[in-house]
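# An overview of the molecular structure
If you want the building blocks of each chain, they are given just below.
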Amino acid sequence: MVKGITLKGVWSKLVIAATAAGLIISFAGSAHAVSGYDLTPTTGDIGGAWAHGTFWKGSDGRWNLDGQLKDTGDNDDKGAAFKIKAVYADGGVRYEEVWNTRGYGKTVPIGPYNFASSLRYWELQECILVRAGDGSIHVGYCAPGVFTQYVG
């Protein structure tokens, strides 16, 4: 014992400190919690399409988004589309679009997409695909608004 400090007391404090440091390090490297999105109750929703899924920030700091796009158009011979507009801190923008031409009741995957850590928000929107007179398919019309999800 040196000036009221025992070796046993020092050892127990070192064990506690090392355990706490190990826990902090292990949590620092893990991914953030997964969150979900569903455009149904938002201004990004349109009848005939259903987009929903998850997003999360990976341990590398990058944002990820995936999900499903379902054609709910009741055999209307139209497809469904899902638009993503990613807006970054520096003002940069990235656009992605998913099309579902499989038919009524069918689902296609959304992503997974991977975005830079400087992502600030997404604008998500459902749309309807239509067939032109020449047989080509294109986005015909979209929901009246977008669903904005701030992430960073």
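All of the points below concern the structure found in this document. In this numbering scheme, every chain counts its residues from 1 along its sequence in written order. This being a predicted model, a pLDDT of at least 70 is required before a residue's local features are given, and a value of 80 or more before pairs of side-chain atoms are given or counted; all residues contribute to the totals for chains, interfaces and linings. The side-chain numbers reported here are obtained from all heavy atoms of the structure, hydrogens and water having been left aside.

### Things to note about the packing of aromatic side chains
How two aromatic rings sit relative to each other is set out by the distance from centre to centre and by the angle between their planes. How we decide: Stacked, tilted and edge-to-face are the three classes applied to pairs of Phe, Tyr and Trp rings, where Trp contributes its six-membered ring and a pair requires centres within 6.5 Å; stacked means planes under 30 degrees apart, edge-to-face means over 60, and tilted covers the rest. Counting from the N terminus, the helices are DSSP H or I runs at least four residues long and the strands are E runs at least two residues long.
The full count for this structure, using the stated rule, is six aromatic pairs. Ring geometry for Phe-55 against Trp-122: centres 5.2 Å apart, planes inclined by 75°, an arrangement best described as edge-to-face. Here Phe-55, found in strand β2 (residues 49–57), pairs with Trp-122, found in strand β7 (residues 119–131); they are 67 residues apart in sequence, far enough to count as distant. Judged by centre distance (5.8 Å) and plane angle (75°), the rings of Phe-115 and Trp-122 are edge-to-face. Clustering of aromatic rings is evident, with ring pairs tying together Phe-55, Trp-63, Tyr-113, Phe-115 and Trp-122.

### Things to note about the sheet that holds strand β6 (residues 107–115)
In plain terms, the rule: At least two bridges found by DSSP between two strands is the condition for calling them paired. In this analysis an axis means a line fitted to C-alpha atoms, helices contributing only their contacting stretch, and an angle means the value between N-to-C directions, from 0 to 180 degrees.
An order of β1-β2-β3-β6 is seen for the four strands of this open sheet, with the pairing classed as antiparallel. Every other strand in the sheet has two partners, leaving β1 (35–38) and β6 as the edge strands with one partner each. In this sheet, adjacent strand axes meet at a mean angle of 15° when their direction is disregarded.

### Here's the deal with the pattern of salt bridges
The condition is simple: For salt bridges, the criterion is a side-chain nitrogen of Lys or Arg within 4 Å of an Asp or Glu carboxyl oxygen. Residue exposure (1.4 Å probe, protein chains only): buried if accessible area is under 20% of the type maximum, exposed if over 50%, otherwise partly exposed.
Scanning all chains against the criterion turns up two salt bridges. Among the salt bridges present, the one from Lys-85 reaches Glu-123, with a minimum N-O distance of 3.8 Å. Of this pair, Lys-85 sits in strand β4 (residues 79–88) while Glu-123 is found in strand β7, placing the two residues 38 residues apart along the sequence. A relative accessible area of 25% places Lys-85 in the partly exposed class.

### Focus on the state of the cysteines
Which entries qualify depends on this criterion: When the sulfur atoms of two cysteines come within 2.5 Å, that pair is taken as a disulfide.
Throughout the structure, instances matching the rule amount to one disulfide. With a sulfur-sulfur separation of 2.1 Å, Cys-127 is cross-linked through a disulfide to Cys-142. Around the S-S axis, the bridge from Cys-127 to Cys-142 shows a dihedral of about 100° and counts as right-handed. Placement of Cys-127 in strand β7 and of Cys-142 in strand β8 (residues 137–142) is noted, with a sequence separation of 15 residues between them.

### Focus on the nonpolar core
Which entries qualify depends on this criterion: Among the buried residues, those of types Ala, Val, Leu, Ile, Met, Phe, Trp, Tyr and Cys that are joined through side-chain atoms within 4.5 Å form a nonpolar core. A contact between two residues is defined here by any heavy atoms of the two lying within 4.5 Å.
Membership of the largest hydrophobic core comes to 27 residues, with the highest contact counts inside it found for Leu-65, Phe-82, Phe-115 and Trp-122. If you list the elements that add at least two residues to this core, you get β2, β3 (63–71), β4, β6 and β7. Excluding residues within four positions of it along the chain, Leu-65 makes contact with Tyr-37, Thr-54, Phe-55, Phe-82, Ile-84, Ile-110, Gly-111, Pro-112, Tyr-113, Phe-115, Trp-122 and Leu-124.

### Quick word on the environment of Gly-47
Structurally, Gly-47 is set in the loop between β1 and β2. Taking the C-alpha atoms as reference points, Gly-47 and Ile-128, 81 residues apart in sequence, are found 8.5 Å from one another.

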